[in-house]
Amino acid sequence: MKAEYDVIVVGAGHAGCEAAAAAANMGSRTLLITMNMQTIAQMSCNPAMGGIAKGQIVREIDAIGGYSGIVSDRSMIQFRMLNRSKGPAMWSPRSQNDRMMFAQEWRVMLEQTPNVDFWQDMVNELIVENNKVCGVRTGMGIDFKAKSVVLTNGTFLNGLIHIGEKQFGGGRSGEKAAKGLTEQLQTLGFQSGRMKTGTPPRLDGRSLDYSKMEIQHGDENPGKFSFTNTAQLGKQLNCWIAYTNDAVHDILKEGFDQSPMFTGRIQGLGPRYCPSIEDKINRFADKERHQLFVEPEGWNTVEIYLNGFSTSLPQEIQYKALTQISGFENVKMFRPGYAIEYDYFPPQQLHLSLETKLIQNLYFAGQINGTTGYEEAACQGLMAGINAHLKINEKDPFILKRSEAYIGVLIDDLVTKGTDEPYRMFTSRAEFRTLLRQDNADVRLTPISNKLGLADEGRLRNVEEKMKYTMETENFIRNHSLKPEDINLLLEQLGTEPIRQKVKMLGLLLRPQVSISDLLENTSEFREFSSTIPDSQREMVLEQAEIRLKYEGYIEKESEIVNKFIKLENVFLKADFDYHSLASLSMEARQKLSKIKPSTLGQASRISGVSPSDISVLMVFLGR
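Just so you know, these numbers come straight off a predicted model, no measurement behind them.

In this description, a pair of aromatic rings is defined by centroid distance and the angle of the planes. All told, the structure shown has 14 aromatic pairs when counted by the stated rule. For the ring pair Phe 526 and Phe 529, a centre distance of 6.4 Å and an interplane angle of 15° mean the geometry is stacked. Of this pair, Phe 526 and Phe 529 both sit in helix H17 (residues 524-530), separated by three residues, roughly a single helical turn. Judged by its relative accessible area of 16%, Phe 529 falls in the buried class. A network of ring pairs unites the aromatic residues Phe 190, Phe 345 and Phe 364 as a single cluster.

What follows deals with the side chain of Glu 175. By secondary structure assignment, the location of Glu 175 is in the loop between strand E11 (166-169) and helix H5 (181-187). Aside from chain neighbours lying at most four places away, what touches Glu 175 is Asn 36, Thr 39, Phe 156 and Gly 170.

Looking now at the pairing of strand E19 (residues 338-344). As a general feature of sheets, a regular strand has side chains that alternate between the two faces. Counting buried positions over the seven residues of E19 gives seven, a clear majority of the element. Here E19 shows a buried face lined by Tyr 338, Ile 340, Tyr 342 and Tyr 344 and a second buried face lined by Ala 339, Glu 341 and Asp 343. Judged from the three bridges that link them, strand E10 (residues 160-163) and E19 form a sheet pairing that is antiparallel. Note that in E19 the partner of Ile 161 across the bridge is Ile 340. Pairing between strand E12 (residues 193-199) and E19: seven bridges, direction antiparallel. Directly across from Thr 199, in E19, lies its bridge partner Tyr 338.

Here we take up the environment of Leu 32. Relative to the helices and strands, Leu 32 resides in strand E2 (residues 30-34). With 86 residues separating them in the primary sequence, Leu 32 and Phe 118 have C-alpha atoms 4.9 Å apart. When residues no more than four places from it in sequence are discounted, the contact partners of Leu 32 are Val 9, Gly 11, Ala 12, Gly 16, Ala 20, Leu 110, Asp 117, Phe 118 and Trp 119.

Next up on the list: the sheet that holds E11. The strands making up a sheet associate through hydrogen bonds between their backbones, and the pairing can be parallel or antiparallel. One open sheet accounts for four strands, arranged E11-E10-E19-E12; its pairing is antiparallel. Only two strands of the sheet have a single neighbouring strand rather than two, namely E11 and E12. Strand after strand, the sheet turns through a mean of 25° between neighbouring axes, direction not considered.

One can describe the packing of helix H2 (residues 54-64) onto helix H10 (residues 374-392) by two numbers: an axis separation of 9 Å at closest approach and a directional angle of 25°. In terms of orientation, H2 and H10 fall into the roughly parallel class. Like other packed secondary-structure pairs, H2 and H10 cross with a definite hand, here left-handed. Contact residues: H2 offers Lys 54, Ile 57, Val 58, Ile 61 and Ile 64, while H10 offers Glu 375, Glu 376, Ala 378, Cys 379, Leu 382 and Ile 386.

What follows covers helix H18 (residues 535-550). Taking 1.5 Å of rise per residue, 16 residues should cover 22 Å, and H18 covers 23 Å from first to last C-alpha, within 8% of that figure. Listed as buried for H18 are Gln 537, Val 541, Leu 542, Gln 544, Ala 545, Glu 546, Ile 547 and Leu 549. Looking at the packing, one finds that the buried side of H18 touches helix H12 (441-452), helix H13 (457-479), helix H15 (505-509), helix H16 (516-522), H17 and helix H19 (552-569).

A word on the pattern of salt bridges. Inspection of the entire model under this criterion finds 36 salt bridges. In this structure, the salt-bridge partner of Lys 466 is Asp 442, at a minimum N-O distance of 3.0 Å. Linking Lys 466 in helix H13 with Asp 442 in helix H12, this pair joins segments that are 24 residues apart in sequence. Considered together, Lys 466 and Asp 442 belong to a single accessibility category, that of buried residues. Close ionic contact of Arg 478 with Glu 552 constitutes a salt bridge, the shortest N to O distance being 2.8 Å. Highlighted residues: Arg 478 in helix H13 and Glu 552 in helix H19, separated in sequence by 74 residues. Classification of Arg 478 by relative accessible area gives partly exposed; the value is 27%. Under the relative-accessibility criterion, Glu 552 is labelled partly exposed at 27%. Taken together, the salt bridges that share partners define one network made up of Arg 402, Asp 412, Asp 413, Lys 417, Glu 431, Glu 569 and Arg 606.

Right, let's talk about unusual backbone geometry for a bit. Of note, the phi angle at Asn 130 is positive, near 55°, even though the residue is not glycine. Topologically, Asn 130 is positioned in the loop between strand E7 (123-129) and strand E8 (132-138). For Asn 130, a relative accessible area of 76% translates into the label exposed. Its identity as a non-glycine residue notwithstanding, Asn 361 has a phi of 65°, on the positive side. Structurally, the position occupied by Asn 361 is in the loop between E19 and strand E20 (362-364).

About the thresholds
- Residues numbered from 1 in each chain as written.
- Predicted model: local features only at pLDDT ≥ 70, side-chain atom pairs only at ≥ 80, totals over all residues.
- Heavy atoms only, no water.
- Phe/Tyr/Trp six-rings, centres within 6.5 Å; stacked < 30°, edge-to-face > 60°.
- Helix = DSSP H or I, 4+ residues; strand = E, 2+ residues; numbered from the N terminus.
- Buried < 20%, exposed > 50% of the residue type's maximum accessible area, 1.4 Å probe, protein only.
- Contact = heavy atoms within 4.5 Å.
- Pairing = 2+ DSSP bridges.
- Axes fitted to C-alpha atoms, helices over the stretch in contact; angles between N-to-C directions.
- Parallel < 35°, antiparallel > 145°, perpendicular 65-115°, else oblique.
- Left-handed = near helix turned anticlockwise from the far one by under 90°.
- Expected span 1.5 Å × (residues − 1).
- Salt bridge = Lys/Arg side-chain N within 4 Å of Asp/Glu carboxyl O.

Bear in mind that shape data such as this cannot, by itself, settle questions of function.
Printed below as a string of structure tokens:
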């Protein structure tokens, strides 16, 4: 092993893997330390990536040069684009994945990444000198020196597993908890809290009667996450939908007096938008049934993940309730669901770079910051790895604005507002979601990443080529006209008014009933033009052109708002600014601003308790 590393990453979950890959690919000598080399990039909960807003994050990670999109594509067993019935700002890619293949692909990619070393051990202490991290000490008593450290401990910090009245230490089923780090960080001045999450029972698919469930197919023309040339999915596995009922609910209620959630044994708050099944039937007592998603774990296994049935009830109650679900009468359980409680550190203690405010060169990423979800963790790991590399090379941090990426929204929310429950990303959290679509993540982020030295020249050329053909397609549609005899039959079939004279293709495309694929199939000149677009780019180019043209007015309006927003983001505040010296600020604003130490006036304006009049006071003081 090397005597000293540039970056040490502690934990090899989704955040840790992205952090290690990013730092290494930018040139840092990187050590990835994990308690178990066999569980690198383990999908601890559901075997899926993406979803509402989360799919946008995966595409952003890929556009920047991270690995999550590529790994997801290579291990995919089903793909669906969610929210297709809504506008493109809401479209969100989601995949079902082969759990074992996903972890295997991640490990292969990391092992093929120069500059990444591995070590299996538990880190239970940081080496800190003069408020600056200098390395880590492991359970074996080995000191590894480093210029920066990224902590991505997931649910392992003092992890406690609950199943009914049973509780035992563990960071995940079958794996021990991590001890020592929380206590040391507390002595260094960090505030910590407790959160909880849960997972459902794993079932034997051979024991289920799928004929009694609703089938859920993948998309007929499956998409993918990565903007690289990963293969498109051909064959897909089905998922199914089942439902709870009154009998299931009654049995689950029998276990409430043994539920750690209701008896007070679990102190941490769980995820609001992914509640346990006992929480659902307690909070939504008027609901006669709850939807369950029956998800296969991979190509070559019979194991089933029952999405929507997370629980910490006694295992005998879990099993008894399952048998009352239609199609589950003869169910066999591989292992019961459980809840896990773990330490986290309120993220207001971080800079926007994810470096801690108390200890230099120390970064937090993932569930240690109070988030939930693979995608939220992965993007934090990516940003922490990038910024750890930049910091030790004396370069400015890489900060994404809220107007640039969902990743920017997520980190700004965490650092500025904090969270006292597991944070999950939604499209509604992004005020500029018309600009932050999944289809243009590469256009937004790859050129920036290329300048950083992460996204390679090949990726940049692909983006430039995509935009070149997109602009040419837009120009063709704006300038090319169609005669009534060319298009009226199609318009009648689509249920829209026929034309009486030549009109521009753009006018027809702007009709809600008409899509670019309709024009392509029924216009020989457009087909001939589209044949000049490379096969690898054609689908993306046509989609991009259609969205940009159909929603041009909305995009321009949102861009104008962003320009105003950026004015506040470009007014920087010093970290040592004495807010208590400004008597015109409200007392709450002085306290909040002094605690969080916002880096810009825009960030200050989003702090709870800081009013518009407080921002006006700061602007006057700053001469703005």
